[in-house]
Structure formats: C-alpha cells, structure tokens
Number of protein chains: 2
Amino acid sequence: MTVPIGTALGSASVRCEVIAVGSELLLGQVVDTNSSWIGEQLALAGIDSHYQVKVGDNHERIRAAIELALSRSDAVIMCGGLGPTQDDITRDVIADVMGVPLRRDEEIVDRIRAMFGARGRDMPANNLRQAEVPVGARVNPAMPGTAPGLICPVGDQVIYAVPGVPWEMMQMVSDGVLPDLQERAGITSIIKSRTLRTWGRSESGLAETLHDEIQRLDRDGGITIAFLASGWEGLKVRLTAKAESEPLVDELIELEEQRVRSIIGDEIVFGVDDETMEHAVLDLCRKSGRTLATAESLTGGLIGARLTAVPGASDVYRGSVVAYASEVKYQVLGVPEGPVVSEAAVRAMAAGACDVLGASCSVAVTGVAGPAPQEGVEPGTVWSATCVDGAIEASVVVMPFDRERIRQFTTINTLNALRLRLLG
Amino acid sequence: MTVPIGTALGSASVRCEVIAVGSELLLGQVVDTNSSWIGEQLALAGIDSHYQVKVGDNHERIRAAIELALSRSDAVIMCGGLGPTQDDITRDVIADVMGVPLRRDEEIVDRIRAMFGARGRDMPANNLRQAEVPVGARVNPAMPGTAPGLICPVGDQVIYAVPGVPWEMMQMVSDGVLPDLQERAGITSIIKSRTLRTWGRSESGLAETLHDEIQRLDRDGGITIAFLASGWEGLKVRLTAKAESEPLVDELIELEEQRVRSIIGDEIVFGVDDETMEHAVLDLCRKSGRTLATAESLTGGLIGARLTAVPGASDVYRGSVVAYASEVKYQVLGVPEGPVVSEAAVRAMAAGACDVLGASCSVAVTGVAGPAPQEGVEPGTVWSATCVDGAIEASVVVMPFDRERIRQFTTINTLNALRLRLLG
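Residues numbered from 1 in each chain as written. Chains lettered and ligands numbered in written order. Predicted model: local features only at pLDDT ≥ 70, side-chain atom pairs only at ≥ 80, totals over all residues.

On to the overall build of chain A. A count of helices and strands for chain A gives 14 helices and 17 strands. Seen along its three principal axes, the alpha-carbon backbone of chain A occupies a region of about 75 × 60 × 40 Å. The burial tally for chain A puts 48% of its 424 residues in the buried class. Sequence separation of at least 24 residues holds for 66% of the intrachain contacts in chain A that already meet a minimum separation of 6. (Helix = DSSP H or I, 4+ residues; strand = E, 2+ residues; numbered from the N terminus. Buried ≥ 20, exposed ≤ 12 C-beta atoms within 10 Å, placed from the backbone. Contact = placed C-beta atoms within 7 Å.)

The next point concerns the sheet that holds strand 8 (residues 157-162) of chain B. Here we have twelve strands laid out as an open sheet, ordered 6(A)-7(A)-8(A)-3(A)-1(A)-2(A)-2(B)-1(B)-3(B)-8(B)-7(B)-6(B), and mixed in their pairing. The outermost strands of the open sheet, each flanked by one partner alone, are strand 6 (138-139) of chain A together with strand 6 (138-139) of chain B. One ladder, built from four bridges, connects strand 1 (residues 16-21) of chain B with strand 2 (residues 51-55) of chain B; its direction is parallel. Bridge pairing links B:Val21 to B:Val55 in strand 2 of chain B. Relative to the sheet, helix 2 (residues 33-44) of chain A contacts strand 1 (16-21), strand 2 (51-55) and strand 3 (75-79) of chain A, its axis offset from that of strand 1 of chain A by approximately 165°. (Pairing = 2+ DSSP bridges. Axes fitted to C-alpha atoms, helices over the stretch in contact; angles between N-to-C directions.)

Residues and elements named next belong to chain B. Here alanine 241 lies in strand 11 (residues 235-243). For alanine 241, a count of 24 C-beta atoms within 10 Å corresponds to the buried category. Taking the C-alpha atoms as reference, alanine 241 lies 6.0 Å from isoleucine 253; in sequence the two are twelve residues apart. Contact partners of alanine 241, with chain neighbours within four places excluded, come to Ile191, Lys192, Gly222, Ile223, Val249, Leu252, Ile253 and Glu256.

Time to look at the domain arrangement of chain A. Taken domain by domain, chain A consists of domain 1 (16-185), domain 2 (190-272) and domain 3 (277-423). When each unit is reduced to the centre of its C-alpha atoms, the spacing between domain 1 of chain A and domain 2 of chain A is 34 Å. (Domains from an automatic or database assignment.)

With 63 residues of chain B at the contact, the number on the chain A side is 65 residues. Residues of the side of chain B that touches chain A, tallied by class, amount to 32 nonpolar, 21 polar and ten charged. (Nonpolar A, V, L, I, M, F, W, Y, C, P; charged D, E, K, R; others polar.)

Time to look at the packing of helix 12 (residues 326-333) of chain A against helix 13 (residues 343-357) of chain A. Residues and elements named next belong to chain A. Relative to each other, helix 12 and helix 13 sit at 50°, their axes nearing to 9 Å. As judged from the angle between their axes, helix 12 and helix 13 are oblique. Crossing of helix 12 against helix 13: the hand is left-handed. On helix 13, the residues that touch Lys329, Val332 and Leu333 of helix 12 are Ala345, Ala348, Met349, Gly352, Ala353 and Val356. Each residue belonging to the contact of helix 12 with helix 13 can be placed in one class, and the counts come to seven nonpolar, one polar and one charged. (Parallel < 35°, antiparallel > 145°, perpendicular 65-115°, else oblique. Left-handed = near helix turned anticlockwise from the far one by under 90°.)

Okay, helix 6 (residues 166-185) of chain B next. Residues and elements named next belong to chain B. Where helix 6 bends most, the angle comes to about 45°, and this point is valine 173. Along helix 6, the residues that are buried comprise Met169, Met172, Val173, Gly176, Val177, Leu178, Leu181 and Ala185. Looking at the buried positions of helix 6, the neighbouring elements they touch are strand 1, helix 2 (33-44), strand 3 (75-79), strand 7 (150-154) and strand 8. Count one or two residues on from helix 6 and you reach glycine 186, which has phi positive near 65°. (Bend = angle between axes of the 7 residues up to and from the residue.)

With that settled, the discussion passes to the packing of helix 2 of chain A against helix 6 (residues 166-185) of chain A. Residue and element names in this part refer to chain A. Packing of helix 2 against helix 6 leaves a shortest axis separation of 11 Å and a crossing angle of 25°. For the element pair helix 2 / helix 6, the angle class is roughly parallel. Every pair of crossing elements has a handedness; the one defined by helix 2 and helix 6 is right-handed. The residues of helix 6 that touch helix 2, namely those facing Asn34, Trp37, Ile38 and Gln41, are Pro166, Met169, Met170, Val173 and Leu178.

The next thing to look at is the sheet that holds strand 12 (residues 269-272) of chain A. Residue and element names in this part refer to chain A. Within the open sheet, the four strands sit side by side as 10-11-9-12. Their pairing is antiparallel. Either end of the sheet is taken by a strand with one partner, and the two such strands are strand 10 (223-229) and strand 12. For this sheet, the mean inter-axis angle between neighbouring strands, taken without regard to orientation, is 25°. Bridging between strand 9 (residues 190-198) and strand 11 (residues 235-243) involves nine bridges; their strand directions are antiparallel.

A separate point is the pairing of strand 11 of chain A. Residues and elements named next belong to chain A. As paired strands, strand 10 and strand 11 are joined by seven bridges and run antiparallel to one another. Of the residues in strand 11, the one forming a bridge with leucine 228 is lysine 236. Two successive antiparallel strands, strand 10 and strand 11, enclose a turn made up of five residues, where glycine 231 displays a positive phi of approximately 55°.

For helix 2 of chain B, with twelve residues, the first-to-last C-alpha span of 17 Å sits near the 16 Å given by 1.5 Å per residue. Listed in full, the buried residues belonging to helix 2 of chain B are B:Asn34, B:Ser35, B:Ser36, B:Ile38, B:Gly39, B:Leu42 and B:Ala43. Among the structural elements, helix 1 (23-26) of chain A together with strand 1, strand 2, strand 3 and helix 6 of chain B are those in contact with the buried residues of helix 2 of chain B. After helix 2 of chain B finishes, the residue B:Gly46 shows a positive phi value of roughly 80°. (Expected span 1.5 Å × (residues − 1).)

Residue and element names in this part refer to chain A. Counted residue by residue, strand 13 (residues 292-296) has five buried out of five residues, so it is predominantly covered. Here strand 13 pairs with strand 14 (residues 317-323) via five bridges, running parallel. Counterpart to glutamate 296 in the pairing with strand 14 is valine 322. Handedness of the crossover joining strand 13 and strand 14 through helix 11 (residues 302-307): right-handed. Pairing analysis gives five bridges linking strand 13 to strand 15 (residues 361-367), with the strands arranged parallel. Directly across from leucine 292, in strand 15, lies its bridge partner cysteine 361. (Right-handed = clockwise from strand over helix to strand, strands pointing away.)

This part covers the nonpolar core. With 143 residues, the main nonpolar core has A:Met349, A:Ala353, B:Met349 and B:Ala353 as its most contacted residues. Filtering out sequence-adjacent residues up to four positions away, A:Ala353 remains in contact with A:Ala293, A:Thr294, A:Ala295, A:Val321, A:Leu333, A:Ala359, A:Ser362 and A:Ala364. (Core = buried A, V, L, I, M, F, W, Y, C linked by C-beta atoms within 7 Å.)

Turning our eyes to something else, we now look at the confidence of the model for chain A. Predicted coordinates in areas of low pLDDT are best not read in detail. In this model, chain A carries an average pLDDT of 91, and 97% of its residues clear a pLDDT of 70 or more. Predicted complex metrics record ipTM = 0.76 and pTM = 0.75. (pLDDT = per-residue confidence, 0-100.)

A few words now on unusual backbone geometry. In the segment running from A:Gly370 into A:Pro371, the intervening peptide bond is cis, with an omega of 10°. Within the secondary structure, A:Pro371 sits in the loop between strand 15 and strand 16 (381-388). With phi around 55°, A:Asp273 is a residue other than glycine that occupies positive phi space. Position of A:Asp273 relative to the elements: it lies in the loop between strand 12 and helix 10 (277-287). With phi around 50°, B:Asp389 is a residue other than glycine that occupies positive phi space.

Right, let's get into the environment of B:Cys387. Residue and element names in this part refer to chain B. Relative to the helices and strands, cysteine 387 resides in strand 16 (residues 381-388). Remark: the alpha-carbon pair of cysteine 387 and valine 321, spanning 66 residues in sequence, is separated by 15 Å. The residues touching cysteine 387, leaving out its near neighbours within four places in the chain, are Ala350, Ala351, Cys354, Cys361, Ser362 and Ile392.

All names here are of chain B. Within the secondary structure layout, histidine 279 lies in helix 10 (residues 277-287). Separated by 114 residues in sequence, histidine 279 and glutamate 393 have C-alpha atoms that sit 22 Å apart. Leave out the neighbours within four places in its chain, and histidine 279 touches Gly271 and Val310.

Below, the structure written as structure tokens:
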C-alpha cells in the first residue's frame, strides 16, 4: 500500500501520535489493536503518525508521554483509561497537562443515567467520574457508550481522548476525531480506498496474476494495490487512489476495479469493502426469490450466526438445524443410520434442512473439527453440500488447521459453493 | 500464570522498554503482537516495562526513540529492522547511538551462506548487510534465521536487537535476551496472577463493592486487584500477588481469591483464568448427568457456536433449532401462533428444544436484534428461558446496544441464567 499523504494548506502536514493507555497492554494481556486501527485511519485521512506508544495506568508516566508527544507533533490521540474505576486516570492527567481543573458536565451525567435506566438499573456512583471534563475541553459529538470522548485544546495543539472499547473508539475517531484533524490539516487531495473481497485463490497466486498490473501502476502512480489475507473475511485486494478532486478519484478507482476484476476473474470477487460472504449469499437468494436454510454439525451454529449477523437476513433465512449429536441427524434431518462424516450423510442433511425448515436452498456441513479423530476420520475432514431447488451437490475437503480455523474455513468455503451455484 | 518479579541486587529492579520498528506497524498494516508477547515475557521474568513504542523506518526517529528509552530505563529491546533490505536500518542506528562503526562478522557471513546453501541457493549480496555488527556488540547465541540478534552494551545499559519475524524473535528473546536481563536483575521474588471471570455486576458496581478491600491491599502491599470488562468473555477481576517464594505466593493468592469471592458473592464467578461461560455450563451439565439443547432466534446459532467451540462439547450438547422465521418456531418447536417476542413463545421454544432434540435441559432466546423494531417491539428487547428437567423459567431484558452486542450479551446472559439454575 502507498501511504496516502495529506497535503496541508500551510507548509507542513499535521502530525498526530497515538498513546494507548493501560497496564494490561504492557503486560501483553491485551494486544493493542486500537493503535493499529487508528494508524490506518490516520494514513487514509492523510495525517502523519510517527510514533505510537503504550503506557501503563500511572499518572506521571502518562503525563510524560503526552508532553513528549506534544513536543514533536501537533495532536495526540489517547486511547483508554476513560472508564469509571480508580485506575482510569486519562481525564485527570489531561487536566493536569492543560493546567485546569475538572468540572462535572451535568448533560453527560443525564446521558449516563439514562443509559443505565434503559437497562432498568441505577447508575453506580463511580460512573459520575466519567462525567468529569477538563475545563476548556469539548465533548466528542459521538458517544456510543457511557464514556464520553474529549477534545482538549492545548494552545494550538490538541489532545483527543477516546475509550479503549473498540466499537466506542472506532465511532468516536471516525465521527469526531478525524474530521477535526482534517480541518486542522486543511487536506486538499482526496484519497479513497476500495477493497475487493475474494475467495478461491491463494495470496501468492493472486499476486502472481496481478504482477504486471502492479508494475504498471508503480510506474504510472496514482493507484496502489495491496493484499490482505483475512481468514473467513476473505482474501482482500485493496485499491487506493489519490487525486485532486473527488470525481477524479472516483473515476480512477472505478476504472481500476474493472481492470482488476477482469484480470483475476470476476467470479472470485464476492464482495466490496464491508460486504461479507453472507451478504453475497443472502443477496443472491433475495434476488432470485429463494429462501435459505442450514444444517450444521461441526460448525455448531456458526454459519447461521454469521448469516444472521447481517441486518435484514430474516427475509431470506429460515433457520438451522444444528445436529451436533448423531441421533439429531438421524431423527430430525432424516439422515440414514450409518457414518455421519460421509457424502450420504451430508446430502441427507442438505435435503432435510430444506424439508424441515421450509426453504428452497440450503447448505449442510458435517466433519471433524478435532482435536481428536471421530469414527476413525482425521480432524480437518469436512463434507459439505448445497441444495438449490432440490438439486444437491456435495464435496469434501481436508484441512491442516486447528479446531476454530477448521470451523471458520468450513463456513466461508461452504457458503461460497452456494454462491457460485446461485451465480451460474 | 506465574510472574516472577525481579528484585535487583541493588536498590531498584531492572527496567526494560520495547521499541518495535517498522512503518507498516504505524500504518496498521501489521498489528504489533511482538511487543505484547515480549511484554508478557518480561513480566513473567520479573522485569518492569513502563513504555512500549512503535516507530517507522527512519534513522533520526529510531535514534530519538532509543535515546529516550535509555534515559529512563536500563535496557531496551529493539524488534524489527534487521533484514537484508535498505529500509532495515536498526543495526546502523544502534552503531550511531553507541558511537562506533560497524564491522563485518565473517563467522556470521559463513552461517548465512551455509543457510542459503542448505536450501541449494547462493547468498544474495544484500544479505551481507546482516553480518554487520556494531564494534563492541555481541551476537545473540540463538540464531534461528538469517538475521543475527545483537546484544549491545552502552555503558552499564544495554540495547538488544531481535528480528521482527515472530518465531525468530521468540527464540532469541527466550534464549538470549531474558537470561541476560535476569542476570542483570538478580531475580529473587515470585509473582502470580489469577483471573476471576464474573457475570451479573457492572465494573463500577464491583469496584464499589471491593473499594474497602482494594484500599486495604494498597496499604498492606503484596496483592493488587484490577478489573477488565471483556464483553461476552465476562467482567474479569484479576488478582496479582508477589512474595519471596512460590508456596508463599500460592497461599497469598488462594486466600485473596476466597476473600474476594466472599465479598462479591461466589455465585457471580463463573470461571477462573481461561474458563468461559460455555465451559462452566457444559461442566455443570456433565457433572449432573444432563444433556443440553438450544433454541435460538435473534442469536441465529451464536449460542450453539460458542458451546461447540469447547472441545469435548459433544458428550453434553445435542444441538439447536435455529428458528429465525416465525413459521419455524410454530412448526418445528411447537410455539403457539401469536407474537414471537413474548414470554409464551420463549417458554414454548425452551420446551420444544428439549423435546425435538432429546435433551434434559435447554436455553431459548427470542428478541429484536435491530436495527429496526419487529412486531412493534423495540430493538434490544430479548426474552430468554431456561428449561431444567421440564421446569421452565423465563425473563426479559432491554439493552441499549447495537445488533452484534445485543446478540453477544444475550448469549452470555442466557447461559448464565442456566448456570445459576444448575448450581442450585
């Protein structure tokens, strides 16, 4: 990936460091994925980030980290330490750096109280700490949880504080921090990224197929291509384009998407950006007026859980029979007595799912997730079947993975088989 | 987990910072898991680590990061930037900080050449860079790949350099860095940690309940308590104890666990260390000779997926009916016609799961995951029921969360209800 660089209106671009706060990060009990995510967002937004630091829950050390960051950058994003407990001291340290006291923000008190009220609970007194704001600081407009984010000016520099809970952090950075930083930076050129999600080719195979195109782009500039293997999210091919205006960058990226699709084969691209394999399958069912059911053994409900993670799945997806015990396969799905990790069993499961749950298509899986063999079959052996309007196809794969990766690979691989049948 | 803490022979323990080098880390293309792993090893080895820093492939900024680390700690581990390419500059910067030139180590040249030879390849000229060593530095005795690790004295301080490739880094840290650090530290005392996983109280509520105990421990020393909210992994209460011998630290932590359990209520603790809610429920079923089934609507299979993530679940867990469509609830589970987000529906689902899947106990959930209301019921409204030997109990909660958190909260909350019933 090229590093998309912001072009400031002034002579220098804005620099922003990231400080992740929490002793659990230093001790390796929690991996700091927040800084990585923020680093990527800063790069995409055209903000330089030269240092990212982890520091424990200690007033003097957090203070030193902030002062150092402000001595060499324009802005710092503090991540974590905004919770209600006594070791959450980010607000206190920021007030200290700003040289101001904390004030209690009654509007935040009301919002936190309302959140607890909605769950039928009283707000514990500790949560009042979360409503404390350094005098002179603004509250981040986004507040998905009980921790308010802070925007704290220090002269013409700024300290942002966001919670360490990832979903709260992401919303606050996207909606509150990045717009403020871009305004400070006076970003002029536009950078956009588009990710094509693929399934069915290896990373090195894709890289080989795209080798000439990548060399051409390296020569011409303006667009870069990067690969990212993301497990059951697919193998991602990310296009990043940079231009002077939004229409230009849109046109660049649109043309490049078409080129890449024609080089790698359109059918291996199952989604764009956030579209998962489940989106793709549900959409194809919806468009063809079909309903979908699943019959799961080794995945134990994982395929249904992924499908129903998609809002609106209910107009297509009927449900699942999770037949973990062999008797459930025999009695509920009509699998003939005999080995349950077999082509006969998985075909009967796919048919049974359509019958029992009243659907026009289905996927079914049965196999050995491990760690031990089952019925003499080695872990990693998985039979899967798809049923479309009564016609069943089955196949078997053997995977050298651990239990959870076998279950995840089975999920995307089986759904992809149904996708290809619905496409063609 | 045992964490031996270092007590230096002198007056203070040894402090070691970690600097992860690589622009890809700042850009979020690669998550820095190396520092987390090193942080845990340092803690286990009794070495304090107060700061961990990510910096890009830039000479001046790497140099500044090293000098800062040495200004406040005794040692620094540099991770990454030892490869053969031009942007691998860690050795050059270290030589600069030490004020010495690089020398070519012919023994390393021979080892690298032999590694290539073993694969039937000639050593590329670039790899000669990897044999350059600052004058006065030692080579790490472990060398699993082509990059040698360095042990570089700076006065009575030390800079360690290890590669960014995780398996090479791990071996060098374990075999070369930690023994050297421990020798410098003169380790005497032992630390252990134990995590109690709880469900049913808020973080701030627990902190309030444990306030006096935490103050007492602060006064007396030797043990600390920390909280970590981990979503559907539970709210974790971590006890960390330190003493002069292993029997002493075991006794300390055992006694403190009993105190904390008696203060917060033993029944809210569902597991210790890595034990999930699913482990707890499966174990209670197993011990009481019961089998388990699930009937899931809004969770779409998530409860079954979590249960079957536990190896050995098959001796207890029968399966699930994922009744996403209302007709599946009516026709497969015997839910009476009418509103499906209701007490009547969830009770019938729990009974139906036991009947259809042949189990002696079950959990069932039906609700609105959102984003839109359903049957006039607001998102976040969830009915759940548990069935134990035919006796059904049901309850409703309303959650102010997003779709995925509603599904996850429902999963742990419902399994916890069954756990409490099985406990008696």
